[in-house]
2 protein chains.
Amino acid sequence: MDESPRYRPLYQQVYDVLVKQIAAGEWGPGESLPSEQALAGRLNVSQGTVRKALDALAADNLIDRRQGKGTYVAEHTQERALFRFFRMARPGGGRALPTSTGETLKRRAARPADAAKLALEPGAEVYELNRVRLIDGEPAVLEKIVLPAALFAGFERFERHDTLPNALYALYQREYGLNIVSAQEELRADTARKDDCRRLKLAPGASLLHIDRVAISLEGTRVEWRASRCDTSRFVYAVTLS
Amino acid sequence: MDESPRYRPLYQQVYDVLVKQIAAGEWGPGESLPSEQALAGRLNVSQGTVRKALDALAADNLIDRRQGKGTYVAEHTQERALFRFFRMARPGGGRALPTSTGETLKRRAARPADAAKLALEPGAEVYELNRVRLIDGEPAVLEKIVLPAALFAGFERFERHDTLPNALYALYQREYGLNIVSAQEELRADTARKDDCRRLKLAPGASLLHIDRVAISLEGTRVEWRASRCDTSRFVYAVTLS
DNA sequence: GAGTGGTCTAGACCACGCA
DNA sequence: GCGTGGTCTAGACCACTCT
């Protein structure tokens, strides 16, 4: 390991190197990294230092470590990604599993709100995906998903043949090499508009939960803005603070 | 260290021992623990094992470690506790600082809803504290706080002389030895009732954000149920998922 | 300078998955 | 039985804080 001008612990340098290699696709989602010994040899540090870097990567959900097997690049699978970022649950605890329907996709110029949320340049284009998410077969959430066209070239091809999966982040990862590692959410209460009432089967004037989410990739890029409007009469937004 | 019947790593056993000692008040909030060397000697394990346990305690926010100084029992200070559990913020990022006013306190029998949230026995009593929280001097949140009377003996004495601090968790810790380490929150949208409108200065029929929080102590006890009704026209509930 | 936590190393052994 | 990650140890040295 070369030392950088200002001091940075060795294990953090190893962490950075591995993040870059994962981001560059050196090992694809679900693939295994070299063993601790092999990495230590390649990077010319001790196994203990590599271990500390790998432990940090595992804590940040970038890799999976399995005793006796090896270390794997974390994958956004159906169950995993859904439970990680989809926070709607039954009151009292039980998790709720959503399905999706009624997708519509269009490409358009970015509006000021899009540019602000996604840090876009003037004149940028975006894809806008709208869909309804069902829980127990009943409409529960309206989602508007905005993606920078520059990052999602040719996204139209996923509209046909119902190829849009329920968990989009697996698709971002697999098709575009964009690993979503965190999301900033802002929640507020809002009053249902006519369109909300029609699509969610709400009474006029009902209250609903509006969530703005900006999803951040491994490299720190704002990859997605998702506005969700949720009927919270049957399900709640559940989160644990610690 | 004695080994337990079923296998548990040494450093986790050390973790458990230290949690118990902190919970028992062996070292009070803000006080320093013995040095790593001293703990290693006392528990008859290596310094590295103690270090791993202390790192885990620090990750769980139970202790603070300061290089060159020592290891301290984490304290619920004003700024810290407020930012940790109070999630209201200005849209786009800036944090919001609340103040409190209009406290009223009463002692009463627990109702079914209280018993369910706090896992109380039939016939238990609770304290109910109501207050308004202001942001920038304007009412923004109505809070109803329910505490098991069994855990908070003589809580009435804090009602007089405006002795109720803005950050209650510091008081729970200092006066009752109850360390709040996590909180489970459930959010939903609701329509403002007459009383909400009056106290929050809302228009009739406005939507507001209802938050049910159950706070959990170091020992795993449900210590507090807090129902907050928030005006989200100026501020939002902000959370980062990762 | 003394004492603390933070980093880094080297090596032994354990628990697990698989062939 | 081999290779993997997980635990535990011992010791050297570094960075920080206070006296």
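Located above this text is the structure these notes cover.
The structure displayed is predicted, hence computed values, not measured ones.

Points about the overall build of chain A
Here's step 1: A count of helices and strands for chain A gives seven helices and ten strands.
Here's step 2: Its C-alpha atoms give chain A principal-axis dimensions of about 65 × 45 × 40 Å.
Here's step 3: In chain A, once contacts between residues fewer than 6 apart in sequence are set aside, the share between residues at least 24 apart is 58%.
Here's step 4: The averaged location of the 32 negative side-chain charges in chain A is 3 Å from the averaged location of its 36 positive side-chain charges.

So, the packing of aromatic side chains
Here's step 1: A complete count under the given rule lists 18 aromatic pairs over all chains for this structure.
Here's step 2: With a centroid separation of 5.7 Å and an interplanar angle of 50°, the aromatic rings of Tyr127(B) and Phe155(B) are classed as tilted. Of this pair, Tyr127(B) sits in strand β5 (residues 125-135) while Phe155(B) sits in the loop between β6 (138-148) and α6 (168-176), and the two are 28 residues apart along the sequence. Both residues of the pair, Tyr127(B) and Phe155(B), belong to the buried class.
Here's step 3: For the pair Phe152(B) and Phe155(B), a centre-to-centre distance of 5.7 Å together with 85° between the ring planes defines the contact as edge-to-face.
Here's step 4: Each residue in the set Phe85(A), Tyr127(A), Phe152(A), Phe155(A), Phe158(A), Tyr169(A), Tyr172(A) and Tyr176(A) is aromatic and connected to the rest through ring pairs, giving one cluster.
Here's step 5: For the cation-ring pair, Lys52(A) lies above Tyr11(A), with the distance from its terminal atom to the ring centre recorded as 4.6 Å.
Here's step 6: Over the aromatic face of Tyr72(A) sits the side chain of Arg66(A), whose NZ or CZ is 4.2 Å from the ring centroid.

Considerations on the interface of chain B and chain A
Here's step 1: Each partner contributes residues to the interface: chain B has 31 residues there, and chain A has 31 residues.
Here's step 2: Where chain B abuts chain A, roughly 2400 Å² becomes buried across the two surfaces, and 54% of that area is made up of carbon and sulfur atoms.
Here's step 3: Summed over the shared surface of chain B and chain A, the number is zero salt bridges.
Here's step 4: Linking chain B with chain A are 19 residue pairs in polar contact (both at pLDDT 80 or more).
Here's step 5: At the level of elements, α4 (78-85), β7 (180-191), β8 (207-217) and β10 (236-241) of chain B are the ones that each hand at least two residues to the side of chain B that touches chain A.
Here's step 6: Residue contributions to the side of chain B that touches chain A peak at eleven residues, all from β7(B).
Here's step 7: Pairing between strand β10 (residues 236-241) of chain A and β7(B): five bridges, direction antiparallel. Within β7(B), the residue paired with Leu241(A) across the bridge is Ala183(B).

Some remarks on the sheet that holds β6(B)
Sheet strands line up and pair through hydrogen bonds in the backbone, either parallel or antiparallel.
Here's step 1: Strand order across the open sheet formed by eight strands is β3(A)-β10(A)-β7(B)-β8(B)-β9(B)-β6(B)-β5(B)-β4(B), with antiparallel pairing between neighbours. Every interior strand has two partners, whereas the edge strands, β3 (88-89) of chain A together with β4 (98-109) of chain B, have only one.
Here's step 2: Summarising the sheet, β5(B) and β6(B) pair through ten bridges and their orientation is antiparallel. Bridging from a neighbouring strand, Ile135(B) pairs with Glu138(B) of β6(B).

Concerning the relation of the copies chain B and chain A
Here's step 1: When chain B is fitted to chain A, the residual RMSD is 0.0 Å, and the transformation amounts to a turn of 180° plus an axial shift of 0.0 Å. Given the turn and translation reported, the copies of this chain are related as if by a two-fold rotation axis.
Here's step 2: Most of the interface of chain B is mirrored in chain A: 100% of its interface residues are interface residues there too.

Comments concerning the environment of Leu178(A)
All names here are of chain A.
Here's step 1: Summarising the element assignment, Leu-178 is placed in the loop between α6 (168-176) and β7 (180-191).
Here's step 2: Sequence-wise, Leu-178 and Phe-152 are 26 residues apart; in three dimensions their C-alpha atoms are separated by 9.6 Å.
Here's step 3: The residues contacting Leu-178, other than those within four sequence positions of it, are Leu-151, Phe-152, Tyr-172, Gln-173 and Val-223.

Quick notes on the protein's contact with DNA strand D
Here's step 1: In the vicinity of DNA strand D, 21 residues are found, and the nearest of them are Gly68(A), Leu10(B), Ser46(B), Thr49(B) and Gln67(B).
Here's step 2: What you see for DNA strand D is that sugar and phosphate hold 75% of its atoms within 4 Å of the protein.
Here's step 3: Between DNA strand D and Arg51(A), the relevant distance is 3.0 Å, taken from a base nitrogen to a side-chain nitrogen or oxygen of the residue.
Here's step 4: Here a phosphate oxygen of DNA strand D sits 3.0 Å away from a polar atom, N or O, in the side chain of Tyr11(B).

Digging into the packing of helix α2 (residues 36-43) of chain B against helix α3 (residues 47-59) of chain B
Residues and elements named next belong to chain B.
Here's step 1: One way to put it is that α2 packs onto α3 with a least axis distance of 8 Å and a crossing angle of 110°. Compared by their axis directions, α2 and α3 come out roughly perpendicular. Viewed along their axes, α2 and α3 form a crossing whose handedness is right-handed. Across the interface between the two elements, Glu-36, Gln-37, Leu-39 and Ala-40 of α2 pack against Gln-47, Val-50, Arg-51 and Leu-54 of α3.
Here's step 2: By residue class, the composition of the contact of α2 with α3 is four nonpolar, two polar and two charged.

Looking at the protein's contact with DNA strand C
Here's step 1: If you check the shell around DNA strand C, you find 21 residues, and the closest are Leu10(A), Ser46(A), Thr49(A), Gln67(A) and Arg51(B).
Here's step 2: For DNA strand C, the fraction of protein-proximal atoms (within 4 Å) that sit in sugar or phosphate groups is 78%.
Here's step 3: Note that a phosphate oxygen of DNA strand C is positioned 2.3 Å from one of the side-chain N or O atoms of Thr49(A).
Here's step 4: Gly68(B) has a polar backbone atom sitting 3.0 Å from a base nitrogen of DNA strand C.

Description of the pairing of strand β1 (residues 63-66) of chain B
Residues and elements named next belong to chain B.
Here's step 1: Inspection of the sheet shows β1 paired to strand β2 (residues 70-73) by four bridges, in the antiparallel sense. The residue bridging Arg-66 from the neighbouring strand is Gly-70, located in β2.
Here's step 2: Linking two consecutive strands that pair antiparallel, namely β1 and β2, is a turn of three residues; a positive phi of about 85° is found at Gly-68 within it.

What counts as what
- Residues numbered from 1 in each chain as written.
- Chains lettered and ligands numbered in written order.
- Predicted model: local features only at pLDDT ≥ 70, side-chain atom pairs only at ≥ 80, totals over all residues.
- Heavy atoms only, no water.
- Helix = DSSP H or I, 4+ residues; strand = E, 2+ residues; numbered from the N terminus.
- Contact = heavy atoms within 4.5 Å.
- Lys, Arg positive; Asp, Glu negative; His and termini not counted.
- Charge placed at Lys NZ, Arg CZ, Asp CG, Glu CD.
- Phe/Tyr/Trp six-rings, centres within 6.5 Å; stacked < 30°, edge-to-face > 60°.
- Buried < 20%, exposed > 50% of the residue type's maximum accessible area, 1.4 Å probe, protein only.
- Lys NZ or Arg CZ within 6 Å of the ring centre and 35° of its normal.
- Buried area = accessible area lost by both parts, 1.4 Å probe.
- Salt bridge = Lys/Arg side-chain N within 4 Å of Asp/Glu carboxyl O.
- Polar contact = N/O pair within 3.5 Å; in protein donor to acceptor, adjacent residues only side chain to side chain.
- Pairing = 2+ DSSP bridges.
- Least-squares fit on C-alpha atoms with pLDDT ≥ 70 in both.
- Near = heavy atom within 4 Å.
- Axes fitted to C-alpha atoms, helices over the stretch in contact; angles between N-to-C directions.
- Parallel < 35°, antiparallel > 145°, perpendicular 65-115°, else oblique.
- Left-handed = near helix turned anticlockwise from the far one by under 90°.
- Nonpolar A, V, L, I, M, F, W, Y, C, P; charged D, E, K, R; others polar.

Any functional reading would require information beyond the geometric quantities listed.
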